[in-house]
Structures are given as C-alpha cells and as structure tokens.
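# Residue-level structure breakdown
Spelled out from the first residue to the last, the chains are:
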Amino acid sequence: MARRIVLGGAVLAGAGAALEENWGILIEDGVLVALGPNEDLLSRAGGAEVTDAGDLVLCPGFVNAHEHAYGRLAHGIPLVGEPPRGFDRFLADFWWPRVEDRLDGAMIGAATALACVDMIRSGFTTFCDVLEAPFSEAGILDLEAAVVERAGVRAVLCLEASERHGTEVGRRALDENERFARARRSDGRIRGMQCLHTSFTCSESFVLAAKESATRAGCGLHLHLSESTYEPEECLRRHGERPVFWYDRLGLWDEAVLASQGVALTDEEIERLAERRVRMAHMPLSNCEVGGGIAPVPRMIDRGLSPGLGTDGYINDPFEVMRGAFLLHKGARADAAVMPARTVFAMATAWGATSVGWPEVGVLESGRAADVIGIDAATDTPLTRGNVLDQLVLFRGRGDVRLSIVAGRDVMRDGVVQTMDEVEVRGGARREAQRLWRGESRG
Ligand SMILES: [Zn+2]
C-alpha cells in the first residue's frame, strides 16, 4: 500500500470549510484518508513518504467543467476579411471551416498536451473536454486519452456529434463516444460521455439517438445550450418552441445531462432545467469573447442549480475564470452582493466536480480522491479564516499554484510539471498551430 503524508501550511478542504492552519493530509493508494494537524499525521507516519509543502495552502484541485483542448491551436489565428457579425456567422464563416473541419490527429494530440500542461500549471486537476473535429480519424478519443494518461490528470473526454456534415458523419461521432465511454467505464482517471452539439445542428431523431446511446452506455451526455440568442431564435423558427422546452419534449433532460453555456435562457427555461436537475457549466470569459452575452447564473443558483466553471478553450486559467464569474454578474446586476467568492470557489471545485460527473473530487474529505493543489498564500495583507476565499479568488493567480497532486501522485512540484516536458509540448503545439493556420487539412 502506498502511503503518503503531505504537510501543509494550512488546509482549506472546500468552499464551505474553515481554514485549518498547520494541517496536512494523509493519502493511501491515491485516496485521501485523513486531514489533520501536521503533528498528528506525523505520529501516524509509520513508513509513509513525507512531503513538506511548507507554507502552501492545500485545497481541492480545480475542475474545468467545459474545455476544448483543440481550441489552443486557434489562439490568435488571423481573420481573413471583416470579423464575422453574430454568433451564427462566427461559426459558419470562421470557426467551422478554418478550425474544426481541418483538425487531424497530430494537431489534436499536440493541443491536448498543451492544454494538459497549462491546466497542471494553473491548478486544474480534472477537466471535461469536448473535441469538435468531425473529420478526425477513427479512435481519436483513444489518442487524446493517451496524452491525458501521460499528463497524469483526470478527464472526461467526448467528441461532439452534429449533422452539419450530414447524419452519417454525426452518427460516427455518436458511435465513437459510445465505444469510448463503454471501454472507459472502469477506468481510474479517464471517462467518456455522449455529446451532441445544438438544436440548430441536430434533428429530433439525432437527439433521440444520442440520448439512447448515453442510456445504453450508462454515461453522461453533454450539449451546448443557447450560447447566444441565435439558438432560441432558430429553435422557435424551426420547432415553435425554445430549446429547453424542445429538448424537454424529446425527454432529453435528467441529471446525467451536462449543458454548457446557458446564456440566452428565460426564467421558465431555468425553472425547467432545475426541475430536471440538469448539470450546468458556466463560461464567463468565452461568452464575452464570442459576444454571446452574460449567462443568468445568479438566477440559476437561486433556482437550485449548481453550475461548474469552464474555460471553453479560451483563457485556461482558473483564477481568471473565477474572477470573471465574480465580477461580471456584479457589474451586470449593479449588485456587489451576488456571486460572492465562496460561491465562485465552489463552482470551480465541488460544483464543477458534480457537473462533470465526478463527485469523488472537488472537496478534500476522507474517502475521496487525493486531488490536491498547494497555493502560495503569501498575500500582501493577512490571510485569515474570515477572508481566505476572497484572498484566493481575488488576489492569487496561476503562478501561485506550486504543487499539484492527482490520485496521490505529483503532477507538479515546486512549480515544475513532473509528467511532461513542457518545452517539448509547447514546441509541438506551435508547429501544429502553424499547420492549422496554413490550412494544411486532415491527412
Ligand atoms: Zn464550448
């Protein structure tokens, strides 16, 4: 049995927990078995490996509830001509033809490695990745999984299915997700999920096929929901009802479904999502980037939903995303009381864990996975029990994450990634980005 003690400057077990100074953790075979004062843990050491994390605050690793690793290669990609107007034109004229439809395995592998390195450095220990590459080679999720395996982090992987290149191409993606989810059912750190795109790229029969597949495979199901006003307008035009009610009529919603974005939602739609206990993911920064708007997250929370936070392939830094969630809604509502640091920290940890279907992570507690990060808490002003969440959410950054442990194993120590050669990964990603930008398409 592998036993390990990590002595901390303090432990913050979760958003609702008190800061416990001079506490550490005891890990056995990748599982957290105890939290307590450092001296107590040392007295139980009995041959356990001991790591002294110095003054670091140990807390749960962050969960990225919605990511597109491939999106890294498109950071800074030049536009040709005028910027597209509107979300639908952004997809149809730019993102689909210039990025998604050109991705091949080499690009996806390099982008996934880069995403993993970035996430390890910034304190994410679990992520849910949505690969949008309709023409990628068969078995592409295995290729992605091999990279994630090497990185040592935890992930839910899926390939987005839609009918925008016809039903056959879409069905291939559904099959790939089902195959992968079944194969990974008992896997320790990597799982699968069924995944469809939107109500404007999937027909009724396609949505039903995705739902049946997820039920067969016993896995979750992900979709993008109303990222801007375009989807509800289009759904009303095509089906005579808004997306949440259209999907509801098809029997899609239940607690195995993860809906990301949720920007253009009415109160009635939020009510229905809450009744169906749908899992949600909020992307404050990328929603702004694409001009989608500001998601009604405070209202979702009032109604009992517990959204996680995601980067959406955009700025891969949990601290920037947390600050986005902390600030945007206060500004939009002219109310400094909404979205306190405690809520935002919960979204980035425990709520995100539930959103991606991995409730064993996101909180430090005996019996849960030993996914722990250590944050340098040498803030300029005192860090106390009363202000710890404000200090971490508002005044710390990715460079302050010095230690990252996933399933009991160090993936970053003293700020250095242990599982991958960062220079090599960044070089590889840059080369593949150049291929993508030059339009060297698949194969
Ligand atoms: Zn997305």
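Throughout this document, residue positions are counted from 1 along each chain, in the order its sequence is written. In keeping with the model being predicted, local features are shown solely for residues with a pLDDT of at least 70 and side-chain atom pairs are shown and tallied solely at 80 or more, while totals for entire chains, interfaces and linings include all residues. No hydrogens and no water enter the side-chain calculation; it runs on all heavy atoms of the structure.

## Some points on the domain arrangement of the protein
We apply this condition: Boundaries of every domain are those given by an automatic assignment or by a domain database. In this description, contact between two residues means that some pair of their heavy atoms is separated by no more than 4.5 Å. Throughout, buried area stands for the accessible area (probe radius 1.4 Å) lost by two parts on being put together, summed over both. In the sections that follow, a salt bridge refers to a side-chain nitrogen of Lys or Arg positioned within 4 Å of a carboxyl oxygen of Asp or Glu.
One can read the domain layout of the protein as domain 1 (3-60 + 368-417) and domain 2 (62-355). Here the C-alpha centre of domain 2 lies 30 Å away from the C-alpha centre of domain 1. With 29 residues of domain 1 in contact, the opposing surface of domain 2 contributes 26 residues. Buried area between domain 1 and domain 2, summed over both chains or domains, comes out near 2300 Å², and the portion from carbon and sulfur atoms is 65%. Counting the surface domain 1 buries against domain 2, the share from its top three residues, Ala15, Val393 and Arg398, is 29%. There are 2 salt bridges connecting domain 1 and domain 2.

## Some remarks on helix α4 (residues 140-151)
The condition that has to hold: The numbering of helices and of strands both runs from the N terminus, where a helix is a DSSP run of H or I of at least 4 residues and a strand a run of E of at least 2. Multiply 1.5 Å by the residue count of a helix minus one, and that product is the helix's expected span. Relative accessibility thresholds used throughout: buried, under 20% of the residue-type maximum; exposed, over 50%; partly exposed, between the two (1.4 Å probe, protein chains only). To obtain the arc, one takes the directions from the helix axis to the C-beta atoms.
Helix length check: α4, at 12 residues, gives a terminal C-alpha distance of 17 Å against a target of 16 Å (1.5 Å per residue), a fit within 8%. Here α4 has its buried residues at Ile140, Leu141, Glu144, Ala145, Val147, Val148 and Ala151. The buried residues of α4 occupy an angular sector of 160 degrees when the element is viewed end-on, so they sit on one face. Directly beyond the C-terminal end of α4, a positive phi value near 85 degrees is found at Gly152.

## Brief notes about the coordination of the zinc ion
Quick note on the threshold: Coordinating donors are taken as N, O and S atoms within 2.8 Å of the metal, stretched to 3.2 Å for Na, K and Ca; because water is absent from the atoms, sites can appear incomplete. In this scheme the shape depends on donor count and angles: four donors with every angle between 85 and 135 degrees give tetrahedral, four or six donors with opposite pairs above 155 degrees and others between 65 and 115 give square planar or octahedral in turn, and any other case is irregular.
Only His66 (NE2), His68 (NE2), His224 (NE2) and Asp312 (OD) from the protein reach the zinc ion as donors, at distances of 2.0 to 2.2 Å. Each of the 4 donor atoms around the zinc ion contributes to a set of angles spanning 85 to 164 degrees, which defines the coordination as irregular. Sequence positions of the donors to the zinc ion reduce to the motif H-x1-H-x155-H-x87-D. Remark: His224 occurs in strand β12 (residues 220-225) and His68 occurs in the loop between β8 (62-67) and α2 (87-98); sequence separation between them is 156 residues. In this structure, His68 and His224 share a single accessibility class: buried.

## As for the pairing of strand β10 (residues 154-159)
Put simply, the rule reads: Note on pairing: DSSP must find at least two bridges between two strands before they are called paired. By the criterion used throughout, a crossover qualifies as right-handed when its path from the first strand across the helix to the second strand runs clockwise, the strands pointing away from the viewer.
Where burial is concerned, most of β10 is hidden: 6 out of the 6 residues are buried. Every second residue of β10 is oriented toward a common face, with Arg154, Val156 and Cys158 on one face and Ala155, Leu157 and Leu159 on the other, all of them buried. Summarising the sheet, strand β9 (residues 124-131) and β10 pair through 6 bridges and their orientation is parallel. Looking across to β10, one finds that Leu131 is bridged to Leu159. Chirality of the crossover, the property in question, places the unit of β9, α4 and β10 among those that are right-handed. Bridge analysis of β10 against strand β11 (residues 190-195) gives 3 bridges, and the strand direction is parallel. Within the sheet, the bridge partner assigned to Leu157 lies in β11 and is Gly192.

## Let's talk about the pattern of salt bridges
Applying the stated rule across the entire model yields 39 salt bridges. Residue Glu28 is joined to Arg3 by a salt bridge in which the shortest nitrogen-to-oxygen separation is 3.0 Å. Placement of the pair is Glu28 in strand β4 (residues 23-28) and Arg3 in strand β1 (residues 3-7), with a sequence separation of 25 residues. When its relative accessible area of 22% is taken as the criterion, Arg3 is described as partly exposed. A salt bridge links Glu422 to Arg121, with the shortest nitrogen-to-oxygen separation between them at 2.9 Å. Residue Glu422 is found in helix α16 (residues 422-438), and its partner Arg121 is found in helix α3 (residues 105-122); the two are separated by 301 residues along the sequence. The exposure class assigned to Arg121 is partly exposed, which follows from its relative accessible area of 26%. Via salt bridges that share partners, Glu67, Arg72, Asp118, Arg121, Arg398, Glu422 and Arg426 belong to a single interconnected network.

## Points about the environment of Ala210
Mapped onto the elements, Ala210 comes out in helix α6 (residues 204-217). Here the alpha-carbon distance between Ala210 and Asp414, two residues 204 residues apart in the chain, equals 44 Å. Apart from the residues within four sequence positions on either side, Ala210 is in contact with Leu174, Gln194, Leu196 and Leu221.

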